[in-house]
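Residues per chain are reported as follows:
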Amino acid sequence: MQFTPDDLTAIRLSLTLAALVTALLLLIGTPIAWWLATTRSRLRNVISAVVALPIVLPPSVLGFYLLIGMGPEGPVGKLTEALGIGTLPFTFGGLVVASVIYSLPFVVQPIQNAMEALGRRPLEVAATLRAGPWDRFLNVVLPQSRPGLLTAAVLGFAHTIGEFGVVLMIGGNIPGETRVVSVQIYDHVEALSYGNAHALSLAMLVFSFLVLLLMYTLHPRAVFSAGVHPR
Amino acid sequence: MSTIRASFNLDFADFTLDAELELPCQGVSVLFGPSGSGKTTLLRCIAGLERPANGELHFNGDTWQAGKTFLPAHKRPVGYVFQEASLFSHLSARGNLDFAVKRAPARDKPIAFEQAVELLGIGHLLERRPEQLSGGERQRVAIARALLIQPRLLLMDEPLAALDQRRKQEILPYLERLKRELELPIIYVSHSADEVARLADYLVGLEAGRVVAAGPLAETLSRLDSPLHLGEDAGVVLEGLVLAREGKWNLVRVHFNGGELWVRDNGYRIGSQLRVRILARDISLAGQRHTDTSILNILPATVDSIASDEDTGQALVRLRVGNSLLVSRVTRRSAHALGLREGQPIWAQVKSVAVI
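Residues numbered from 1 in each chain as written. Chains lettered and ligands numbered in written order. Predicted model: local features only at pLDDT ≥ 70, side-chain atom pairs only at ≥ 80, totals over all residues.

Colleague: Any chance you could break down the overall build of chain A for me, citing the residues and the numbers?
Modeller: Each helix and strand counted, chain A has eleven helices and zero strands in total. Going residue by residue from the N terminus, the α and β elements of chain A occur as α-α-α-α-α-α-α-α-α-α-α. Taken over the C-alpha atoms alone, chain A extends approximately 65 × 45 × 30 Å along its principal axes. The buried share of chain A, reckoned over its 231 residues, is 38%. At a minimum sequence separation of 6, the contacts of chain A that also span at least 24 residues come to 74%. (Helix = DSSP H or I, 4+ residues; strand = E, 2+ residues; numbered from the N terminus. Buried ≥ 20, exposed ≤ 12 C-beta atoms within 10 Å, placed from the backbone. Contact = placed C-beta atoms within 7 Å.)

Colleague: A description of the overall build of chain B should follow, citing residues and the corresponding values.
Modeller: Within chain B one finds eight helices and 21 strands. Against the 2.2 N^0.38 benchmark of 21 Å for 356 residues, chain B shows a C-alpha radius of gyration of 22 Å, consistent with a compact globule. Counting only C-alpha atoms and orienting by the principal axes, one finds that chain B spans roughly 65 × 50 × 35 Å. Considering chain B as a whole, with its 356 residues, one finds that 41% of them fall into the buried category. Of all intrachain contacts in chain B linking residues separated by at least 6 positions in sequence, the fraction that spans at least 24 positions is 65%. (Rg over C-alpha atoms; globule rule 2.2 N^0.38 Å.)

Colleague: Tell me about the pairing of strand 10 (residues 202–207) of chain B, and please be specific about residues and values.
Modeller: Residue and element names in this part refer to chain B. Most of strand 10 is tucked away, with five of its six residues classed as buried. Where strand 3 (residues 28–32) meets strand 10, four bridges bridge the pair, whose relative direction is parallel. Each bridged residue has a counterpart across the sheet, and for Phe32 the counterpart in strand 10 is Gly205. As paired elements, strand 10 and strand 11 (residues 210–216) share six bridges and run antiparallel to each other. Among the inter-strand pairings, Glu207 is bridged to a residue of strand 11, identified as Arg210. Between the antiparallel neighbours strand 10 and strand 11 lie two residues, among them Ala208 with a positive phi of about 45°. (Pairing = 2+ DSSP bridges.)

Colleague: Can you lay out the environment of Leu57 of chain A for me, pointing to particular residues and giving the numbers?
Modeller: Looking at where Leu57 of chain A falls in the secondary structure, it is placed in the loop between helix 2 (44–56) and helix 3 (59–70). Between the C-alpha atom of Leu57 of chain A and that of Val206 of chain A, which follows or precedes it by 149 residues, the distance is 27 Å.

Colleague: Go over the interface of chain A and chain B, please, and point to the residues and values.
Modeller: Facing 17 residues of chain A, the contacting portion of chain B comprises 20 residues. Contributing elements (two or more residues each) for the side of chain A that touches chain B: helix 6 (121–128) and helix 7 (133–144) of chain A. Broken down by element, the residue count for the side of chain A that touches chain B peaks at six residues, all from helix 6 of chain A. Of the residues contributing to the side of chain A that touches chain B, the split by class is nine nonpolar, five polar and three charged. (Nonpolar A, V, L, I, M, F, W, Y, C, P; charged D, E, K, R; others polar.)

Colleague: Summarise the pairing of strand 13 (residues 251–256) of chain B; cite the residues concerned and give the values.
Modeller: Looking along a regular strand, one sees side chains alternate from face to face of the sheet. Residues and elements named next belong to chain B. Burial along strand 13 is one-sided: the residues Val252, Val254 and Phe256 are buried and none of Leu251, Arg253 and His255 is. Sheet topology places strand 13 next to strand 14 (residues 259–264); six bridges connect them, and they run antiparallel. Paired with Val254 across the two strands is Leu261, which belongs to strand 14. Connecting strand 13 to the next strand, strand 14, in antiparallel fashion are two residues, including Gly258 with a positive phi near 140°.

Colleague: Quick rundown of the packing of helix 10 (residues 181–190) of chain A against helix 11 (residues 194–218) of chain A? Include the residues and the values.
Modeller: Residue and element names in this part refer to chain A. Here helix 10 crosses helix 11 at 150°, and the two axes come no closer than 8 Å. The angle between helix 10 and helix 11 places the two elements in the roughly antiparallel class. The crossing of helix 10 and helix 11 is left-handed. From helix 10, Val181, Gln184, Ile185, His188 and Val189 reach across to helix 11, where they touch Asn196, Ala197, Leu200, Ser201 and Met204. Across the contact of helix 10 with helix 11, the residue classes break down as six nonpolar, four polar and no charged. (Axes fitted to C-alpha atoms, helices over the stretch in contact; angles between N-to-C directions. Parallel < 35°, antiparallel > 145°, perpendicular 65-115°, else oblique. Left-handed = near helix turned anticlockwise from the far one by under 90°.)

Colleague: Pulling in residues and values, what's your account of the sheet that holds strand 1 (residues 3–11) of chain B?
Modeller: Residue and element names in this part refer to chain B. Sheet architecture is open: five strands sit in the order 2-1-4-5-6, paired in antiparallel fashion. Among the strands making up the open sheet, the edge pair consists of strand 2 (16–24) and strand 6 (69–70). Note that strand 1 and strand 2 share nine bridges and pair antiparallel. The partner of Thr3 across the bridge, within strand 2, is Pro24. Set on the sheet, helix 1 (residues 39–47) makes contact with strand 1, strand 2 and strand 4 (54–59); between it and strand 1 the angle comes to about 115°.

Colleague: Before we move on, can you summarise the environment of Val353 of chain B with the specific residues and values?
Modeller: Along the chain, the position of Val353 of chain B falls in the loop between strand 20 (345–350) and strand 21 (354–355). Leave out the neighbours within four places in its chain, and Val353 of chain B touches Leu261, Val263, Val276, Ile278 and Asn297 of chain B.

What follows is the structure in structure tokens.
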């Protein structure tokens, strides 16, 4: 059991993709989670449902619409072409966009849960200590939601590493560009090189286990500790 | 005199606040009433944590709310102490204090860090995290934090309510020091007659979202038609000055505005100020001055007014002693037997005087 040079390329690609996507997810997911946790807007349920869609949709359906949408005839495709980026399907960029959408619920939900658990009180306390809205968000909400943010980062990373269907639909199978580990395993199996498939599969298995172990170890020393807690 | 003028109108599903009041911009004003009377909501309106559609709030000439003007909570120069410990759990005690220090107005800092720490006696707790502090200690850190934001008005929402009796007794002296040593107006929400007696200078009674009584403490407590429903706690509070010590009997003589009282000597300094509380049930009345009695404090008084107590068999009698007012509760039968009427001279026999 040994990794081929192609395997190593795939591993590197998977890790790069997951790291980039996790960073983007935290940037995008945190404000969405905050909005969902605090808004009284009637749009809340609609947005919640949209964010959660990737959990229930088959990856092929999601991948199909992304392919259409980002293709030369799709609205996103037209936009990216007009901007001179070209179309996104079958590129690393396309994979990043698709992964962000695909893993969004796994990041938004833990953050949202942590923020909802905070309740109004810490924010009111901060307001009476002259902290404005931004100050409250950065210096009270974020640090107090840390367990949720950590969980979100781990889940987002792991989920991106583990995706397969969407990649296949949108990215095809271009070595060094879109051929990530899960696709590489698929290729090995197609080519009946079970030994190679096994090496990579075992690596994924061990990796996934370690990630989850890490999460359960790090995981929330209680969100409600002695200080601030909701009424 | 500078004042805080407020009027709020706020509708919740199950509760309406409709309050109008004017408070002095000095000393401790207590908002007093049973739970559900709207005292916390009123305090939150003053802090800017609630936004009543109809409301007006002027602090010492500054407008915090009027018509469309609404200063959000983080722009009001108030400190707020919440009912339960409200320390940020991600910061140490010192971190919590620094949170306030960093956000206090840059120029005007009358309360130094060391002073706040010393005043609340929390010097040895600074490096601890909130979960390593007792309830009382957390509340002291929270009070110090509220002071370090350099407020011009301190709002306290039943800061002792979540604590047991012993912890309350542990914190009350700190609150009294705060009151003595800082020239900071305090609005204090409470449903405890004890806290009112110890801390209040000005008393506002609330019931079902309305102000039912408001005035200086002595005046409000001596009202016979008092809507405060103090029951067994009915009584007055007098400010006194320790005149002399009678070492032999372990007593001190305390002068108040209208006479003198013997009080048990707990080591008070001569010349120091104290507050004594005399409950209505502890004053009995006599037509003549008795000398063959164990009662130490017998004061010449005149009957100011008489009213029936809530308990129908009883009468409340307001007495004038010099410039002070006392309230006595006697049975209506006794009132009849003594032929009590307004203006009548009478002896007030004070069975017990509590220094608070």
